[in-house]
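# Structural overview for review
Here is how the chains run, residue by residue.
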Amino acid sequence: MHRWAVSRAIYRGLLCLYPHEFRARFGSDLQADFADLLHARGTMGTWLRVVPDLCRSLPLTHARARASRKRARATAYHGETAMGSLKADVRHAVRSLVKTPVFTAVTIVTLALGIGANSAIFSLVNAVLLRPLGYVEPERLMLIYEGFRGSSLGKIGVSPPDFIDLTTLQRSFSSIGAYRTQQYELSGAGEPEQIIGVRVSASVFPILGVRAAHGRTFLESEDQPGQDVAVLSYGLWQRRYGSDPHAVGRTVTLDRRPYTIVGVMPASFQFPKRGPQINGEPAQVWTPLALGPFERSQQARGMMYAHTVIGRLRGSLPAEQAMREAGALGPTLVRNYPAMLQGPIKSLMVTAAPLIGEIAGQVQRPLLILLGAVGLVLLVACANVANLVLSRAVTRQREISVRAALGAGRRRLLQMLLVEGLLLTAAGGALGLFIGNTVVRAMPDVITLALPGVQNVGLDGRVVLFTFALSALTAIIFGLLPLIVSERRDLADLLREGGARSIGGARQHRLQAMLVVSSVALAVVLLASAGLLMHSFTKLMAVDPGIRAPRVLTMQVRLPQAGYDSAAAVRSFYQGLHDRVGAIPSVRGASIQTDLPVKGDGERRGFTVDQAIDPSNATSSAAVTWTFGDYFRTFGVPIVKGRGFLPEEDLENRGMTIVSRALAERYWPGQDPIGKRLKWGVAASRGRWQTVVGVAGDVVDGKLDEPPIMHIYVPYSEAVDPALAVPMAGLMRRMTVAAVTDQDVATVVAPMRAAIAALDPALAVAEVTTMAQVMADASAPQRFSTLLLGAFASGALLLAAIGLYGMLAFGVTRRTREIGVRLALGATRGEVVGLVVRQGMILTLTGLGFGVVGALGAARLLRGLLYQTEPLDVVTFASVPGILAVVALLACYLPARRAARVEPMAALRAE
Amino acid sequence: MSKPVPSRGQPPLTAAVFHILLALADGPLHGYAIMQAVEASAGEDMRMGPGTIYGSLQRMEDAGLVRELTTLGDDRRRVFGLQPAGRRALEAEARRLTRLAALVRARRLIPGER
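Quick notes on the rules
- Starting afresh in each chain, residues are numbered from 1 along the sequence in its written order.
- Naming scheme: in the order in which they are written, chains are lettered from A and ligands are numbered from 1.
- This being a predicted model, a pLDDT of at least 70 is required before a residue's local features are given, and a value of 80 or more before pairs of side-chain atoms are given or counted; all residues contribute to the totals for chains, interfaces and linings.
- As a rule here, side-chain values cover all heavy atoms of the structure and leave hydrogens and water aside.
- Per the convention used, a helix needs a DSSP run of H or I reaching at least four residues, while a strand needs a run of E reaching at least two, with both numbered from the N terminus.
- Here the term buried applies to any residue with accessible area under 20% of the maximum for its type, exposed to any over 50%, and partly exposed to those in between, with areas from a 1.4 Å probe on protein chains only.
- For every accessible area listed, the method is Shrake-Rupley and the probe measures 1.4 Å; residues are considered covered only by the protein chains on display.
- Only heavy atoms matter for contacts: two residues are in contact if any of them lie within 4.5 Å across the pair.
- Computed with a 1.4 Å rolling probe, the buried area is the accessible surface lost when two parts are put together, summed over both parts.
- By salt bridge we mean one thing: a side-chain nitrogen of Lys or Arg within 4 Å of a carboxyl oxygen of Asp or Glu.
- What qualifies as a polar contact is a pair of N or O atoms within 3.5 Å, subject to a donor-acceptor requirement within protein and to the restriction that residues adjacent in sequence count only when both atoms come from side chains.
- Only Asp, Glu, Lys and Arg are considered charged, only Ala, Val, Leu, Ile, Met, Phe, Trp, Tyr, Cys and Pro nonpolar, and every remaining residue, Gly among them, polar.
- The set of buried Ala, Val, Leu, Ile, Met, Phe, Trp, Tyr and Cys residues whose side-chain atoms join them within 4.5 Å is what this entry labels a nonpolar core.
- Patch membership needs two things, relative accessible area over 30% and no salt bridge, and members are linked within 9 Å if like-charged or within 5 Å if nonpolar (Val, Leu, Ile, Met, Phe, Trp, Tyr).
- Under this rule, positive means Lys or Arg and negative means Asp or Glu; His and the chain ends count for nothing.
- Taken as the charge location is NZ of Lys, CZ of Arg, CG of Asp or CD of Glu.
- Only the stretch in contact is used when fitting a helix axis, every axis being a line fitted to C-alpha atoms; angles between N-to-C directions are given from 0 to 180 degrees.
- Note on terminology: angles under 35 degrees are roughly parallel, angles over 145 are roughly antiparallel, angles of 65 to 115 are roughly perpendicular, and the others are oblique.
- What makes a crossing left-handed is the near helix being turned counterclockwise from the far one by less than a right angle; a clockwise turn instead makes it right-handed.
- By this rule, a helix spans an expected 1.5 Å times one less than how many residues it contains.
- Bend at a given residue is defined as the angle between two axes, one fitted to the seven residues that end at that position and one fitted to the seven that begin there.
- For Phe, Tyr and Trp, rings pair up if their centres lie within 6.5 Å, where Trp contributes its six-membered ring, and each pair is then called stacked (planes under 30 degrees apart), edge-to-face (over 60) or tilted (otherwise).
- Two thresholds decide whether a charge sits over a ring: the Lys NZ or Arg CZ must be within 6 Å of the ring centre and within 35 degrees of the ring normal.

### Some words on the overall build of chain A
Counting secondary structure elements, chain A contains 28 helices and 21 strands. The 911 residues of chain A split such that 52% are buried. Total accessible area computed for chain A in this model is approximately 39,900 Å², and 61% of it derives from carbon and sulfur atoms.

Set out below in structure tokens:
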């Protein structure tokens, strides 16, 4: 009767007011009685009776429900307190987990992998990308570069006279400052050591906005030559001054000269930040930039493009405006150059870029990709944990029903399952923390060095908490699923049906299938990505670096001003060093140079070529190395044309030079480069012409995946006296000495150190390393990410396989009776095995399908990281399905075998 | 389950319980039938709704006076029947009421009653 439908609906809703058990038991009767009343009394009469009935029966039934619950708790658990029941639950949970060791172990390991890997990578990303720079409003800071349009060297530093001009010309910044790295020999109490210092103009610290922790930073008046003052970093102050609160006013001996300490910076302060930008090494000491009269003069135009200029944007000016202004300032600066430089300098340009991008820029994408990979692993881990817990929970439904029948309240059961889930997560989390910490500590130094803003990566507490919470949530939700499912039905029904056949089995099965498919898909994505990276890495390792230096040891020394204040003193030192090292018995050859090949950290200089094919393009910049001794033979750099330097040319400047093949082919293609000339600076500079006597093979310049840049080699004698004597240049005063040996490289270390000490015992030796190490470092970042991604992919594959195995094994257990029936009805064991394997492979293939689609997308994202590898690399995409199929078959094997072993009679007899 | 069965010396049954027991005296009934029987025997004053019926039945079940019988026919309705303890309680209450009624008659409190 639809006219009573509303009343009946209302009554049905009102029934919710009754206690749960009452409603569950009598609900249908109550509704039926209500319907009968409607028939007998009509709407009005019924409601007149029912409303007072409700008022009377509600308190009645609720009181009874409360009493019965209390009774049940008392009889079942003998009046425990909340804490007592918790302890019992923990004990029981531990016992039940131990009874199923495989499940427990696999779940814990899965959780640990997900939590550990995620925490480690996320901490790294956090340290690099998200940790604040520590400067005031760092998003308002920008760096200004100079450069030459069309030059292969891109952004270079600013020349001092140009910087002076910029201070007056620019309008976008409230203030700009310049700085430049300067290595110092730190002596005094303790071992002499080489430290990194940075010379800053007085405006730099105010631009950064950070005040000194002790004392102060520089005054304008101190930014002059001869003002020997210094600001210490916190680390240096701690290390060498024992955190002395009265350090301000004391002296620090840099390059054997006393500097007065005027301030100490706070512990969190780091400047400049490590990164790909110029002058990007954090300093331990700051000294004034103190540009001298030469640097401010017109004579310094066209050289020393080595300073970094930093500025703070004015007010709320947008960065784009500053960038536009920088572009416009280029021509203005050019006008200030002397007339004779006007022609070649016309390609000079000025650019500005936000500081934050300059620091983190290059590593942003790889890190984000890494983060994505780890996120996928976490998802796979969660899916697997869910699967495992679900399977187990279904088997325990009987146990739960029995407990409920014995009187365990819903809350109690919840508590029990929660405790189990939390125990698993706690164990997994502890293991995960350990894994994460190990990964973080194991990161090669080169990685942390290459990554900006990172000194010691530690596990970020927030990250650990997040991944922990996520995993806990997964474990708990899926662990509680059976309880939620079984609540809706009469628990007696559950007991009557018996066995592990579960309610909502179809729904559960679908859920499990989905979990397995998704974990397979994710594993495929990771596998494909790892495969691509591996392929790219092998291509990278196949790149010929251009040198052959299997047993070459190198060390670096820097001559301070004190004791070496004349060019002659510097020359004589390095000549002496070359002779001494060459005299060491196990050394076959020695050379001294301003920088090592492959490392790519050498000097860059502008130069102009004589008789270029294209005169308008005659000026460019190249990497320059000054050498003393047989550089090319020491490092195995081939001379493809002409010859190397003669010993006389090392001692006396004869205007000889050797160029790299890239340079020769750019400027004199098809011609003989021998006899051609070049000079420093622009066409109109008054540099002396140098003659090319040889062409050397190209050498990789720091980046294996980029073509080598043009390289010019000159003998040490070419360095002019001012360049040697003036500490500002610093270049010739810091040389690397390299020795080739037939024997183990380690045996040469002590003799080389002795040779240096024989010349000057107070000299600090730095960067003792081998060329093999330098070459390994060049590929270290790619090696690390390839290894890492490979590890993740393997882990994900393992997890997916375990998930598949678990589901199939569980399926076999559940369907034992069905299998028995089939066998009894005449199916062969082979057919039964085929049943299991088919189920497994269907899941695998579905996962593969989704995974391939995802992998194609991931490959596109990886494009920037790949070297000579197409995103749709055939080898990778062909082998991944193969690997997956093999692993899946293995995972199917055990359950299939178990299915084949089913005894039909036994299976049918067992309930 | 330990609510004591009312017997001699125990407090009397509530009216609702008594009438329900009375209704079941002749045989098991389902909820609606009990409701009708109670209304017939107790009159307009004791109109019970379904909630009260089943709530009382539940309490009486706890006390061991009635029992839910496994349904043989109509699944929709739960059928309750008297337990021996319930029958005893009913008889005891009936005896008590008869005694009271005799007292009332002896005192001639209600006119027209012999």
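### Overview of the overall build of chain B
Helix and strand content of chain B: 4 helices and 3 strands. Secondary structure elements of chain B occur, N-terminal to C-terminal, as α-β-α-α-β-β-α. By the burial criterion, 39% of the 114 residues in chain B qualify as buried. When contacts within chain B are restricted to residue pairs at least 6 apart in sequence, those whose partners lie at least 24 apart make up 49%. Carbon and sulfur atoms make up 54% of the accessible area of chain B, which totals about 6,900 Å².

### Some remarks on the interface of chain A and chain B
With 23 residues of chain A at the contact, the number on the chain B side is 22 residues. Taking both partners together, chain A and chain B bury about 2,200 Å²; carbon and sulfur atoms supply 49% of that area. Broken down residue by residue, the surface that chain A buries against chain B is led by R25, R49 and R64 of chain A, which jointly contribute 29%. A salt bridge links E39 of chain B to R49 of chain A; its shortest N-O distance comes to 2.6 Å. The interface formed by chain A and chain B includes 12 residue pairs in polar contact (both at pLDDT 80 or more). Of the residues contributing to the side of chain A that touches chain B, the split by class is 10 nonpolar, 3 polar and 10 charged.

### Side note on the nonpolar core
Residues and elements named next belong to chain A. Counting residues in each nonpolar core, the largest one holds 56 residues, and the members touching the most others are I121, L526, L789, F792, L804, I819 and L843. Put simply, the parts of the chain that give this core at least two residues each are helix 4 (101-130), helix 11 (355-395), helix 17 (505-541), helix 24 (771-814), helix 25 (816-824), helix 26 (829-862) and helix 27 (874-900). Setting aside anything within four residues of it in sequence, one finds I121 in contact with L370, L371, V374, L788 and F792. By size, the runner-up hydrophobic cluster in this structure holds 47 residues, among which are Y564, A569, W680 and A739.

### Points about a positive patch on the surface
Residues and elements named next belong to chain A. A contiguous patch of positive charge, built from K87, R91, R95 and K99, is present on the exposed surface. Residue position: R91 is located in helix 3 (residues 82-99). Overall, the relative accessible area of 54% leaves R91 in the exposed class.

### What about the environment of P258 of chain A?
All names here are of chain A. Considering the arrangement of structural elements, one finds P258 in strand 7 (residues 257-264). Separated by 29 residues in the primary sequence, P258 and V229 place their C-alpha atoms 8.6 Å from one another. When neighbours within four sequence positions are excluded, P258 is seen to be in contact with D228, T251, V252 and T253.

### Describing the packing of helix 5 (residues 160-169) of chain A against helix 9 (residues 319-336) of chain A
Residue and element names in this part refer to chain A. Where helix 5 contacts helix 9, the axes come no closer than 11 Å and their chain directions differ by 125 degrees. With respect to each other, helix 5 and helix 9 are oriented oblique. Of the two elements, helix 5 crosses helix 9, and the hand of that crossing is right-handed. Within the contact between the two elements, helix 5 uses D162, D165, L166 and L169 and helix 9 uses E325, L329, T332, L333 and N336. Along the lines of polarity and charge, the residues of the contact of helix 5 with helix 9 split into 4 nonpolar, 2 polar and 3 charged.

### What about helix 9 of chain A?
In this model, helix 9 of chain A (18 residues) spans 26 Å end to end at C-alpha, consistent with the 26 Å of a helix rising 1.5 Å per residue. Approximately 30 degrees is the largest bend angle found in helix 9 of chain A, and it occurs at L329 of chain A, with the proline P331 of chain A only one to four residues beyond.

### A word on the pattern of salt bridges
Residues and elements named next belong to chain A. For the structure shown, the criterion picks out 26 salt bridges over all chains. A salt bridge links K155 to E358, with the nearest nitrogen and oxygen atoms 3.2 Å apart. One end of the pair, K155, is in the loop between strand 1 (141-148) and helix 5; the other, E358, is in helix 11, and 203 residues separate them in sequence. For E358, a relative accessible area of 16% puts it in the buried group.

### Focus: unusual backbone geometry
All names here are of chain A. The omega angle of the peptide bond from F271 to P272 is -10 degrees, so this bond is cis rather than trans. Within the secondary structure, P272 sits in the loop between strand 7 and strand 8 (285-288). Despite not being glycine, R256 shows a phi value in the positive range, around 60 degrees. Position of R256 relative to the elements: it lies in the loop between strand 6 (251-254) and strand 7. Judged by its relative accessible area of 24%, R256 falls in the partly exposed class.

### A few points about the environment of R239 of chain A
Residue and element names in this part refer to chain A. Position of R239 among the secondary structure elements: in helix 7 (residues 234-241). On the basis of relative accessible area, R239 is assigned to the partly exposed category, the value being 46%. There is a polar contact of 2.7 Å between the side chain of R239 and the side chain of Q284.

### Focus on the packing of aromatic side chains
For the structure on display, the rule yields 29 aromatic pairs over all chains. Aromatic side chains Y631 of chain A and Y713 of chain A sit 5.3 Å apart centroid to centroid with 50 degrees between the ring planes, which places their arrangement in the tilted category. Within this pair, whereas Y631 of chain A is found in helix 19 (residues 631-635), its partner Y713 of chain A is found in strand 19 (residues 711-715), the two being separated by 82 residues in sequence. For Y631 of chain A, a relative accessible area of 0% corresponds to the buried category. The exposure class of Y713 of chain A is buried, given its relative accessible area of 1%. One aromatic cluster is present, built from ring pairs that chain together Y135, Y179, F205, F218, F269, F271 and W286 of chain A. The aromatic ring of Y337 of chain A is capped on one face by R301 of chain A, whose charged end is 5.1 Å from the ring centroid. Directly above the aromatic system of F26 of chain A lies the positively charged group of R78 of chain B, at a separation of 5.9 Å from the ring centroid.

### Quick look at helix 2 (residues 31-42) of chain B
Every α-helical turn comprises 3.6 residues, leaving residues that sit three or four positions apart pointing alike. Residues and elements named next belong to chain B. A rise of 1.5 Å per residue sets the reference length of helix 2, with its 12 residues, at 16 Å; its end C-alpha atoms lie 16 Å apart and thus fit the reference within 8%. Every buried residue belonging to helix 2 is among G31, Y32, A33, I34, M35, V38, E39 and A42, and all of these are buried. At the exit of helix 2 stands G43, carrying a positive phi of roughly 90 degrees.

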